Amino acid sequence: MWDDAFPSFLIGLREGLEAGLVVSLLVATLVRAKARSRLPHVWTEVLAAVALGMSFGAVLTFTAAFCPRPRRRASAAPSA
């Protein structure tokens with residue numbers, strides 16, 4: 001199980017760190033431009049993006065649980 005999950009975890013971690021960097025740059029830009037009144041809009045969009053991502057992950061998780069798994073064929077002995 002972990003062999004399948006670990007690469008996905010690393011990709012999610014990388015994407016999360018990248019998103020955090022983009023949001024922090026946006027917040028820093030708004031603070032420098034003295035536009036602090038727009039910060040609640042940024043945080044609302046961040047929460048919306050997190051909720052959307054989690055709901056998409058939940059849909060994939062629960063639909064994958066109901067999908068039939070393909071059967072593995074027994075490997076045939078190599079012919080001489």
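Residues numbered from 1 in each chain as written. Predicted model: local features only at pLDDT ≥ 70, side-chain atom pairs only at ≥ 80, totals over all residues. Heavy atoms only, no water.

(A) Representation of the overall build of the protein in the model. When you go through the protein residue by residue, the secondary structure sums to 2 helices and 0 strands. The buried share of the protein, taken over its 80 residues, is 6%. Per element, the accessible surface of the protein, about 7800 Å² overall, is 68% carbon and sulfur. (Helix = DSSP H or I, 4+ residues; strand = E, 2+ residues; numbered from the N terminus. Buried < 20%, exposed > 50% of the residue type's maximum accessible area, 1.4 Å probe, protein only. Areas by Shrake-Rupley, 256 points an atom, 1.4 Å probe, with all protein chains shown as cover.)

(B) Seen up close, the pattern of salt bridges. Inspection of every chain in the model, using the stated rule, returns 1 salt bridge. We note a salt bridge from Glu 15 to Arg 14, for which the minimum N-O separation is 2.9 Å. Residue classification places Glu 15 among the partly exposed positions, given a relative accessible area of 38%. (Salt bridge = Lys/Arg side-chain N within 4 Å of Asp/Glu carboxyl O.)

(C) Quick look at the nonpolar core. In this structure, Val 27, Leu 30, Ala 35, Leu 39 and Val 42 together form the largest nonpolar core, which totals 5 residues. When contributions to this core are tallied by element, the ones reaching two or more residues are α1 (2–32) and α2 (39–66). (Core = buried A, V, L, I, M, F, W, Y, C linked by side-chain atoms within 4.5 Å.)

(D) View of unusual backbone geometry. Its identity is not glycine, yet Lys 34 carries a phi of approximately 55°, on the positive side. Mapped onto the elements of the fold, Lys 34 is located in the loop between α1 and α2. Assessed through its relative accessible area of 75%, Lys 34 is described here as exposed.

(E) Molecular detail of the environment of Val 31. With respect to the element layout, Val 31 can be found in helix α1. According to the relative accessible area criterion, Val 31 is partly exposed, its value standing at 31%. With near-sequence residues (within four places) excluded, Val 31 lies in contact with Arg 36 and Leu 39. (Contact = heavy atoms within 4.5 Å.)

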